[in-house]
Amino acid sequence: VSSKPAARAALYELFLELERRSWKTRGAAGVGAREDTYRAALTDPAAPIELFVFVLFLEGLPIGGSVWGHYGQTSYYLQSVYAESHQALSPGTLMTWLPIQAALATRRARVNLMPDFSYYKARWLAETIETQTVQLFRVGSRHHLKAVLGDLRRKVLGGDAPQKVLANKWKEAAGDAPGPAAVDHARIEVLTQRARAAGATALNAEALRA
């Protein structure tokens, strides 16, 4: 784990390598177009949000990762990923607990899990704040007409009743992997050594338990 620009940049490349071995590549839930945006923020020592990248290893193989940050009195949980080959170990849960532990250790007032982690909020009995998105469209534009048709469709068909989400619906929609993903061990080793050389903190199993 690290918040140092050079170390977290290397860890983020490991995160992306791990994402390729996750369900997110099939579920269109990966970093996608935001990849370069994250790279720019992670390599910028003057970024206003203090960003952290964590990668979990099992016997030298990355099996989980997360990105979070502290800004003011709030911690923001931005991304998580885990290897499907090791999903029985629930690495995603540990990836989510670590930012919470960091927020407690630094006495933050709030942890914001963002909208993509609603199922964790429901399982942990956390507070879910209902929000609404407001969009402005130029009257007569393509986006405006699409919105009007969408409103009309919802009025005719009726909206879905709100329900508590206890599972990741995007993961369920992605389905099972067709087969095991290839692992680039040489690249993993290079990136791991680069992160260590740049000052990443290594936690062993005992430190993680603590």
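Since we're looking at a predicted model, the values are computed, not measured. One numbering rule holds for all chains: residues counted from 1, following each sequence as written. The model is predicted, so local features are restricted to residues of pLDDT at least 70 and side-chain atom pairs to those at 80 or more, both for listing and for counting; the totals for chains, interfaces and linings are taken over all residues. Side-chain descriptors were evaluated using all non-hydrogen atoms of the structure, hydrogens and water having been removed beforehand.

Thoughts on the packing of helix H1 (residues 5-20) against helix H7 (residues 185-197)
We apply this condition: Angles here are taken between N-to-C directions and fall from 0 to 180 degrees, while the axes themselves are lines fitted to C-alpha atoms, restricted in helices to the stretch in contact. Counting from the N terminus, the helices are DSSP H or I runs at least four residues long and the strands are E runs at least two residues long. Note on terminology: angles under 35 degrees are roughly parallel, angles over 145 are roughly antiparallel, angles of 65 to 115 are roughly perpendicular, and the others are oblique. Left-handed is the label given to a crossing in which the near helix is rotated counterclockwise from the far helix by less than a right angle, and right-handed is the label when the rotation is clockwise. A contact between two residues is defined here by any heavy atoms of the two lying within 4.5 Å. Classification used: nonpolar for Ala, Val, Leu, Ile, Met, Phe, Trp, Tyr, Cys and Pro, charged for Asp, Glu, Lys and Arg, polar for all others including Gly.
For the pair H1 and H7, the least separation of the axes is 8 Å and the interaxial angle reads 155°. As summarised for this structure, H1 and H7 are arranged roughly antiparallel, according to the angle between their axes. Along this stretch, H1 crosses H7, giving a crossing that reads as left-handed. Contact with H1, carried on its side by Ala7, Ala10, Leu11, Glu13, Leu14 and Glu17, involves Arg187, Ile188, Leu191, Thr192, Arg194 and Ala195 of H7 and no other residues of that element. Classifying every residue of the contact of H1 with H7 gives 7 nonpolar, 1 polar and 4 charged.

A look at the environment of Pro5
Within the element layout of this structure, Pro5 appears in helix H1. Remark: the alpha-carbon pair of Pro5 and Ala105, spanning 100 residues in sequence, is separated by 21 Å.

What about a nonpolar patch on the surface?
We apply this condition: Residues enter patches when their relative accessible area tops 30% and they take part in no salt bridge; the joining distance is 9 Å for like charges and 5 Å for the nonpolar side chains Val, Leu, Ile, Met, Phe, Trp and Tyr. Each accessible area value is a Shrake-Rupley result obtained with a 1.4 Å probe; residue values ignore everything except the protein chains displayed when judging cover. We count a salt bridge whenever a side-chain nitrogen from Lys or Arg sits within 4 Å of a carboxyl oxygen from Asp or Glu.
Taken together, the side chains of Leu149, Leu152, Val156 and Leu157 define a hydrophobic patch exposed on the protein surface, amounting to about 450 Å² of accessible area. Tracing the chain through its elements places Leu157 in helix H5 (residues 142-157).

Some remarks on the nonpolar core
Defined as follows: What makes a nonpolar core is a set of buried Ala, Val, Leu, Ile, Met, Phe, Trp, Tyr and Cys residues whose side-chain atoms join them at distances within 4.5 Å. Only protein chains enter the calculation, and the probe is 1.4 Å; a residue is then buried if its accessible area is under 20% of its type maximum, exposed if over 50%, and partly exposed in between.
Counting 33 residues, the largest nonpolar core has Tyr12 and Phe15 as its most contacted members. When contributions to this core are tallied by element, the ones reaching two or more residues are H1, helix H2 (35-42), strand E1 (50-58), strand E2 (61-71), strand E3 (74-82), helix H3 (91-105), helix H4 (118-123) and H7. It is H1 that contributes the most residues to this core, 7 residues altogether. Contacts of Tyr12, omitting those with residues within four sequence positions, involve Val31, Glu35, Tyr38, Arg39, Leu42, Val53, Val67 and Gln79.

Here we look at the pairing of E3
One face of the sheet, then the other: side chains in a regular strand alternate in exactly this way. Note the threshold: Only strands that DSSP links by at least two bridges are regarded as paired with each other. Handedness of a crossover is defined as follows: orient the strands so they point away from the viewer, and if the path from the first strand over the helix to the second runs clockwise, the crossover is right-handed.
In terms of burial, E3 is a largely internal element, 7 of the 9 residues being buried. Where E2 meets E3, 8 bridges bridge the pair, whose relative direction is antiparallel. The partner of Trp68 across the bridge, within E3, is Tyr77. What sits between the antiparallel neighbours E2 and E3 is a turn of 2 residues, in which Gly72 has the positive phi angle 65°. Across 3 bridges, E3 lies against strand E4 (residues 110-112) in parallel orientation. Each bridged residue has a counterpart across the sheet, and for Ser75 the counterpart in E4 is Val111. As for the winding sense of the linkage, the β-α-β connection from E3 through H3 to E4 is right-handed.

Re the environment of Val183
The residue Val183 is located in the loop between helix H6 (169-174) and H7 in this model. You can call Val183 partly exposed: its relative accessible area is 29%. Residues Val183 and Gly60, 123 residues apart in the sequence, show an inter-C-alpha distance of 12 Å. Not counting residues within four places of it along the chain, the set of residues in contact with Val183 comprises Glu17, Arg20, Arg21, Leu61 and Ile188.

Things to note about the side chain of Glu84
Mapping Glu84 onto the fold places it in the loop between E3 and H3. For Glu84, a relative accessible area of 18% puts it in the buried group. Each residue touching Glu84, except ones within four places of it in the same chain, is listed here: Arg21, Ser22, Trp23, Arg26, Gly175 and Ala177.

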